[in-house]
Every structure is written in structure tokens, then in C-alpha cells.
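Close look at the chain arrangement
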Protein chains: 2
Amino acid sequence: MKGNPVFGTEKCTQLGILVHDIEKSSKEYAALLGVPVPPVQMTGAYEDAHTQYLGKPTKARCKQAFFYYGDLEVELIEPDQEPSVWRQALEEHGEGMHHVAFHITDMEEKIRLGEEMGMKLLQRGRWNTGHYAYLDATDSLHVIVELLENGQFEI
Amino acid sequence: MKGNPVFGTEKCTQLGILVHDIEKSSKEYAALLGVPVPPVQMTGAYEDAHTQYLGKPTKARCKQAFFYYGDLEVELIEPDQEPSVWRQALEEHGEGMHHVAFHITDMEEKIRLGEEMGMKLLQRGRWNTGHYAYLDATDSLHVIVELLENGQFEI
């Protein structure tokens, strides 16, 4: 039965996994999936990403590598030492699953609906073709949710 | 590019999430997805499930509830107090993501290939139309992997 999901979609598009050493972990995922080791990417500097963590600007960046479980993206994330949702979770819980992501439209409204469900906005920022928000849903869903919206946005 | 994955598939079919109170968490997932609260199921007793945890028989069972992120199944798991991969993880790490699952064929060979990659067999058992094995891949992939095979099997 197709429902009426809060975020306008029930499709999870990405799993985020925190790692200490992205080169090492990328080799393991490449071996598991039988694919070449992908290039490591880096999220934008503050001037581009405008990253806000717990409501304050942060210079935090992370290294990223992407794999695919079919059409489900697996994002490996190695954060730097600056304050971020990634660094905090890595220090508190170690390596492992960090978030499940949904591609949505109308970010502000979706953040509001998440907050109505008791989720808390942890971090937001931009990449070159979109913007994201991490919502803490650990009390209710026992995961962190990332909302991703493609487009050009001011935040 | 389509690779040659170790488990014969690159498609992740299920996310497993440990919870303390499956009725409460089911209501939250049902609200998120706009679907009715599904019935809580119970895994089989030892006589049917033949559950082996760390190589020894265990009477462990768990309550389960299933949701769907599109074609990705979300399994909520509330374990009982008997020794199991679920109980251990819930006590060590609390509620949250437990495993990613792949539907495979030729279980014994796939377990062997996982072990060749350094994974460790944690638990296995049967349900009424298949069998499963949990492999600890936390050192390499930073997750627990569950292999699921449909069919009737002796273990």
C-alpha cells in the first residue's frame, strides 16, 4: 500500500557510514562490490557550503566516497576535526552507520514537518547542486535522517 | 558499471534496526511513512529456528515489524533476553541500525567468501521459508551483514 509519507517520499536513497580512514574503507567496499576504488571527494569550504552545525557556522568538511547497493547510494564519510554532526557521531559512537537519506522537495516545509514529529535540526549546508539538512530522529526512528534537495538555494 | 560482488549481488534488501519497544517504534515509523501500524511478528522457537549464536544453540527470539522505504525493507527488531546477536548489540550500542541484508544463493559458499574477507559468522538460523546468517563486518565495512536465502534448508 502506498502511503502518505511525511517527507513526501518513502524512498531511501542513501546510507551514510562514518569511517576513520576513507582510503582503507573504500578498498574494502570496492572489494565487496567488485568495483574500482572510487576517487575521494571533499565537501566544500565554508564559503561554498555555508555549513551550520547546531545553528552556528562551522568550517567542518569531510572526505566522501560513494558506492552503490543497486540504486541505494552508500556514502563513506571521513570528517575533519572541526565541529560537525559527523565528528560528534564518530567520537561518540565510532565507525558505522550514520544516516539514512531521502531526496525531497520544499526543504523548509520538510524540516518543519520533521520538527513537528520531534526531530531536531542538527546541521545543514550546501553542495554545488543542492542543499541538505540532518535531522536527529534517534528518539523516534533510532536513526539520523538526512534530507537532500537538488537545486540552487540560499541558506 | 556493474561489478562482480562477493555475495553475488550488490542489492541491499533490508535495513535492521534494534529497538527496546517495538509497539512504540512501530507507531513512529507508521507515522513517518503514512501507513497503518503493521502486526508484530515473532521469530520461531528453537525447535523451528535452530538458532545458533557464536556456534552454540540459543533459545533467543525477537519481535519483528516490517516497513518499506520503497523496495528497501526496514525490519524493527526487539530481542528477548536470551543471548543473541540482537541482544548483544542492543546492550552494547543501544537502539539503532543493526544490519544491512542481502538476498543471496548458496549460503555456505557465501559465508566462506565473507570469512575470506575477514568477516566472522555471528549467528544463523531458519525461518519458515528460508535461512539467514549474520556476519560481523564491522572491522572492514563498519556494519553487520545479514545474508538471507529463500528455500527449505537443514542447518
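See the structure above.
Procedures and definitions
Residues numbered from 1 in each chain as written. Chains lettered and ligands numbered in written order. Predicted model: local features only at pLDDT ≥ 70, side-chain atom pairs only at ≥ 80, totals over all residues. Heavy atoms only, no water. Buried < 20%, exposed > 50% of the residue type's maximum accessible area, 1.4 Å probe, protein only. Helix = DSSP H or I, 4+ residues; strand = E, 2+ residues; numbered from the N terminus. Pairing = 2+ DSSP bridges. Contact = heavy atoms within 4.5 Å. Axes fitted to C-alpha atoms, helices over the stretch in contact; angles between N-to-C directions. Core = buried A, V, L, I, M, F, W, Y, C linked by side-chain atoms within 4.5 Å. Salt bridge = Lys/Arg side-chain N within 4 Å of Asp/Glu carboxyl O. Buried area = accessible area lost by both parts, 1.4 Å probe. Polar contact = N/O pair within 3.5 Å; in protein donor to acceptor, adjacent residues only side chain to side chain. Nonpolar A, V, L, I, M, F, W, Y, C, P; charged D, E, K, R; others polar. Expected span 1.5 Å × (residues − 1). Arc of directions from axis to C-beta. Phe/Tyr/Trp six-rings, centres within 6.5 Å; stacked < 30°, edge-to-face > 60°.

On to the pairing of strand S6 (residues 72-79) of chain A. Residue and element names in this part refer to chain A. Of all 8 residues in S6, 8 are buried, a share of seventy percent or more. Going residue by residue along S6, you find Leu72, Val74, Leu76 and Glu78 tucked away on one face and Glu73, Glu75, Ile77 and Pro79 tucked away on the opposite face as well. Bridge count between strand S1 (residues 14-18) and S6: 5 bridges; the pairing is parallel. Within S6, the position partnered with isoleucine 17 by the bridge is leucine 76. Adjacent in sequence and paired antiparallel, strand S5 (residues 62-69) and S6 are bridged by 2 residues, among which glycine 70 carries a positive phi angle near 65°.

Right, let's get into the sheet that holds strand S6 (residues 72-79) of chain B. Residues and elements named next belong to chain B. If you trace the 10 strands from one edge of the open sheet to the other, you get S2-S5-S6-S1-S7-S10-S9-S8-S3-S4, paired in mixed fashion. Looking at strand neighbours, the two that pair on one side only are strand S2 (41-42) and strand S4 (56-57), the edges of this open sheet. Pairing between strand S9 (residues 130-137) and strand S10 (residues 143-150): 8 bridges, direction antiparallel. Residue pairing across strands places tyrosine 132 opposite leucine 148, the latter belonging to S10. Where helix H1 (residues 22-33) meets the sheet, it contacts strand S1 (14-18), strand S5 (62-69) and S6, and its direction lies at approximately 5° from that of S5. In this fold helix H4 (residues 107-116) packs onto strand S8 (120-127), S9 and S10, with an angle of close to 0° to the strand it touches most, S9.

Before going further, it helps to spend a moment on the nonpolar core. Side chains of nonpolar character tend, in soluble globular proteins, to be buried together. Judged by nonpolar contacts, the single largest core of 61 residues is most densely connected at Tyr69 of chain A together with Tyr69 of chain B. In this view, tyrosine 69 of chain B contacts Glu10, Lys11, Cys12, Val100 and Phe102 of chain A together with Leu15, Tyr29, Leu32, Leu33 and Val74 of chain B; residues no more than four positions away in its chain are not counted.

Let us look at the pattern of salt bridges. Residue and element names in this part refer to chain B. Applying the stated criterion across every chain, the model contains 11 salt bridges over all chains. A salt bridge links glutamate 108 to arginine 124, with the nearest nitrogen and oxygen atoms 2.8 Å apart. Remark: arginine 124 occurs in strand S8 and glutamate 108 occurs in helix H4; sequence separation between them is 16 residues. By relative accessible area, which is 47% here, glutamate 108 ends up partly exposed. When its relative accessible area of 14% is taken as the criterion, arginine 124 is described as buried.

Moving on, we get to the interface of chain A and chain B. Each side of the interface is counted separately: chain A has 39 residues, and chain B has 39 residues. Roughly 3,000 Å² is buried in total at the junction of chain A and chain B, and carbon and sulfur atoms are behind 68% of that figure. For the interface between chain A and chain B, the tally reads 0 salt bridges. In this assembly, chain A and chain B are joined by 10 residue pairs in polar contact (both at pLDDT 80 or more). For the side of chain A that touches chain B, the secondary structure elements donating two or more residues are S1, helix H1 (22-33), S5 and strand S7 (96-103) of chain A. With 7 residues, the single largest contributor to the side of chain A that touches chain B is H1 of chain A. Of the residues assigned to the side of chain A that touches chain B, the class counts are 25 nonpolar, 8 polar and 6 charged.

What follows deals with the environment of histidine 142 of chain B. Within the secondary structure, histidine 142 of chain B is located in the loop between S9 and S10. The class for histidine 142 of chain B is buried, based on a relative accessible area of 6%. Sequence-distant contacts of histidine 142 of chain B, that is, excluding residues within four places in its chain, are made with Ile17, Leu18, Val19, Ser25, Glu95, Gly96 and Met97 of chain A together with Ala137 of chain B. Polar contacts involving the side chain of histidine 142 of chain B include one to the main-chain carbonyl oxygen of threonine 138 of chain B, which spans 3.2 Å.

Before going further, it helps to spend a moment on H1 of chain A. Each turn of an α-helix holds 3.6 residues, which means side chains three or four residues apart point in the same direction. Taking 1.5 Å per residue, 12 residues should reach 16 Å; H1 of chain A reaches 16 Å between its end C-alpha atoms and fits that length. Buried within H1 of chain A are the following residues: Ile22, Ser25, Ser26, Tyr29, Ala30, Leu32 and Leu33 of chain A. One side of H1 of chain A carries all its buried residues, which in axial view fall inside an arc of 160°. Residues of H1 of chain A that are buried in the fold lie against S1, S5 and S6 of chain A together with S10 of chain B. Backbone nitrogen of glutamate 23 of chain A and a side-chain oxygen of the N-cap are separated by 3.2 Å at the start of H1 of chain A; the cap is aspartate 21 of chain A.

Residues and elements named next belong to chain A. Using the criterion set out here, one finds 10 aromatic pairs over all chains in the structure. Note on phenylalanine 7 and phenylalanine 102: the rings are 6.2 Å apart at their centroids and 40° apart in plane angle, and the pair reads as tilted. Here phenylalanine 102 lies in strand S7 and phenylalanine 7 lies in the segment before S1, a separation of 95 residues in the sequence. The residues phenylalanine 7 and phenylalanine 102 share a single accessibility class, namely buried.

By definition, the strands of a sheet pair up through backbone hydrogen bonds, in either a parallel or an antiparallel sense. Residue and element names in this part refer to chain A. With respect to topology, 10 strands assemble into an open sheet ordered S2-S5-S6-S1-S7-S10-S9-S8-S3-S4, the strand pairing being mixed. Two strands close off the open sheet at either side, each with one partner strand: strand S2 (41-42) and strand S4 (56-57). Sheet analysis places S7 next to strand S10 (residues 143-150), joined by 5 bridges and oriented parallel. Within S10, the position partnered with alanine 101 by the bridge is glutamate 146.

Fair warning: the whole summary comes from geometry, so function is off the table for now.
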